[in-house]
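Take a look at the letters that make up each chain.
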Amino acid sequence: MPIVEARALTKVFRRPDKGPGLAGSVKHLFARRFQDKVAVDHIDLSIEAGEAVAYVGPNGAGKSTTVKLLSGILVPTEGEVRIDGLHPQRDRMTVAHRIGVLFGQRTQLWWDLPVRESLAVLRDLYGVDHATYRKRLARFDEVLELGEILPVIGRKLSLGQRMRADLAAALIHGPRVVYLDEPTIGLDLAVKDRVREFFRSIRDEGTTVMLTSHDLADIEGFCRRLVIIDEGRIIFDGDLEAVKDRFARERILHVETARPVPLETLRASLPGAQVTVEESEVRYAVRFDRFIMTAGQAVTALAGLTDLVDFRVDEPSIEDVIRRVYSGELVLDETGPRR
Amino acid sequence: MRAYRALARATARSALTYRLNLLLGLGTVFVQLVALLAVWRVILAQSSVNGFTWPQMRVYLLVAFAAGTVVSAFGDFRMAFRILDGDVALDLVKPVDYQKARFAETIGGLWIEVLLIGVVVGVTLAVTGGVRTPAGPALALFVVSMLLLVPLKFLIVYGSTLLCFWTQNFIGVQWARLAVMNLLSGALIPLAYLPGWLATVAQWSPFAGLTSTPALIFLGRVDVRHGLTLVAVQLGWVLLLWFGARLMWRAGLRRLTVNGG
Ligand SMILES: Nc1ncnc2c1ncn2[C@@H]1O[C@H](COP(=O)(O)OP(=O)(O)O)[C@@H](O)[C@H]1O
Ligand SMILES: [Mg+2]
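Looking at an unreviewed UniProt entry, one finds chain B named ABC-2 type transport system permease protein and attributed to Actinoplanes regularis.

Labelled according to an unreviewed UniProt entry, chain A appears under the name ABC-2 type transport system ATP-binding protein, originating from Actinoplanes regularis. Its UniProt record, at the heading Subcellular location (unreviewed entry), says of chain A: "Cell membrane".

A. Examining the overall build of chain B more closely. A count of helices and strands for chain B gives 12 helices and 0 strands. Starting at the N terminus, the α and β elements of chain B follow one another as α-α-α-α-α-α-α-α-α-α-α-α. Taking 2.2 N^0.38 as the reference for a compact globule, 261 residues should give roughly 18 Å; the C-alpha atoms of chain B span a radius of gyration of 19 Å, in line with that estimate. Overall size of chain B, expressed as C-alpha extent along the three principal axes, is 65 × 40 × 35 Å. Looking at chain B as a whole, 52% of its 261 residues qualify as buried. Put simply, of all contacts in chain B between residues at least 6 apart along the chain, 81% involve residues at least 24 apart. On chain B, roughly 12400 Å² of surface is accessible, and the fraction owed to carbon and sulfur atoms is 69%.

B. Summary view of the sheet that holds strand S1 (residues 4-16) of chain A. Residues and elements named next belong to chain A. One open sheet accounts for 3 strands, arranged S2-S1-S4; its pairing is antiparallel. Each having just a single partner strand, strand S2 (34-47) and strand S4 (78-83) make up the two edges of the open sheet. In this sheet, adjacent strand axes meet at a mean angle of 30° when their direction is disregarded. Looking at chain direction, S1 and S4 are connected through 5 bridges and run antiparallel. Residue pairing for S4: valine 4 is matched across the bridge by isoleucine 83.

C. Quick peek at the pattern of salt bridges. Counting across every chain of the model gives 31 salt bridges over all chains. Of the charged contacts in the structure, one is a salt bridge between Asp193(A) and Arg196(A), with a shortest N-O distance of 3.9 Å. Pair noted here: Asp193(A) and Arg196(A) are both in helix H7 (residues 189-204), with a separation of 3 residues, about one helical turn. Assessed through its relative accessible area of 46%, Asp193(A) is described here as partly exposed. Residue Arg196(A) is classed as buried on the basis of its relative accessible area, which comes to 11%. One salt-bridge network, held together by shared partners, links Arg123(A), Asp124(A), Arg2(B) and Arg9(B).

What counts and what doesn't
Residues numbered from 1 in each chain as written. Chains lettered and ligands numbered in written order. Predicted model: local features only at pLDDT ≥ 70, side-chain atom pairs only at ≥ 80, totals over all residues. Heavy atoms only, no water. UniProt positions renumbered as here; feature names shortened; annotations may be inferred. Helix = DSSP H or I, 4+ residues; strand = E, 2+ residues; numbered from the N terminus. Rg over C-alpha atoms; globule rule 2.2 N^0.38 Å. Buried < 20%, exposed > 50% of the residue type's maximum accessible area, 1.4 Å probe, protein only. Contact = heavy atoms within 4.5 Å. Areas by Shrake-Rupley, 256 points an atom, 1.4 Å probe, with all protein chains shown as cover. Pairing = 2+ DSSP bridges. Axes fitted to C-alpha atoms, helices over the stretch in contact; angles between N-to-C directions. Salt bridge = Lys/Arg side-chain N within 4 Å of Asp/Glu carboxyl O.

Shown next as structure tokens:
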């Protein structure tokens, strides 16, 4: 049985359709008009225990709304959600023990308390025993380096510190499912790396993770499953590697040769690849489809012509692929198996 | 239980952060109290009005001050802000009952309010002379009434703060609540001074329990039997509002939208 299951999940927001200023507000009082915004549109999603899922989409696609629906914060307009077979509103208390939620732009720390005390309050809220609590804290500390921030008062934390503390807060009760909504937003690179390492560590421990981000670098190397949402609809749900295989087949081999070699000679020895000169006449870029030739074959072919000083292979990131999907340049025609 | 104790403790600790604010607040309420005392002293100098003599009014104002200070410093602003800002989303994924959790926080903030009352009442008594405490049964009834005042006031504040789900605005709600509360509780003037029909409405409203009931019992202006009725009314409202607020909360949740992340 999937641990998270959503069927035909839909959320429609009613926004008051008000004219500007006070006049608009007063008029609205008498002639109430609303504009409906379908934020999430008949989503079907099921996540198995232990799965790591990346949930991506451009801004305003409906990612956060989905997370709020899946955690029982919002009541769906249509459709339903089951967490471990439970109804998130009717069984709110039980469900709360099984899920952890992090919203990158919100904190669940107590503003006026040191982080250590905030975490202790959460420990008591969730009824975690002291030994387990200490063990978890020690484990989080290995990756998140909490030590230095435990004595700091909530409101004095820097953004990076706050996010690290909030990650610990979202996981202190050992939830079976965690939703991380934009967990790296606004962080500098060093903190991002640490936080990403933390995602991997909780995934490796078997926690089901749904990671929502518009920073696609977050998902690289994190999960096998990719779900893409756009305008409230799931437009792709399938294997991340499969997407890369299909849409990120291009490789670029950058080589530096000892002496200049005529382009025609290079092209003749590498049929099926595109060869271009780069910034100097001893540097070349070879673009090829990795299903037509391997990087090894390309290097061997070039080495037969001249001495190679240096070479490097670039693969397009999943980022490039998904960006092309967003822009409509690429259409992922079939959504993967709906598990 | 452990969860709610932890929440109460958290507020009790955070309250310390605001000791400077509270000290400033203390100054303000003290000045207010002194002003009220001075005004009534002049009004009642010659003769009693509506049955209140000056010594009685002095005690009434002190009890009213104590009753007004309890459950006043914490909670409502934070809760309203969390609803309006959407942070309430995070409260919803905690394994605690929302209403009980907020009540626990209110209890946690009580100690500093009680301390404040102790200081102000102590100083006032030292300057203007002691008071006669009522006899055993009336005193016990007074204590019960003061204890009931805590959940009663919490529920009135909590219920009105829940209105933020509908109004999307807190200041208006708060002003309206303060106005009604001040008038109908007898905090500004004893209910006996209101026009007859309004006094009757006030007496049976939940607001009387916020000031009038404990003050009248302490003063002995009602006998123990009448006092029991008033306390029973307090209790009745606590129960009614407790369950009423739950319905409101459930209705409010359906309106919750939580903008942004
Ligand atoms: N509380 C709300 N009221 C009205 N519209 C909303 C609300 N929350 C989100 N929306 C709208 O729903 C859409 C999806 O929002 P959201 O789920 O926050 O997107 P994402 O997290 O993918 O950026 C957006 O167009 C947003 O403007
Ligand atoms: Mg979002």
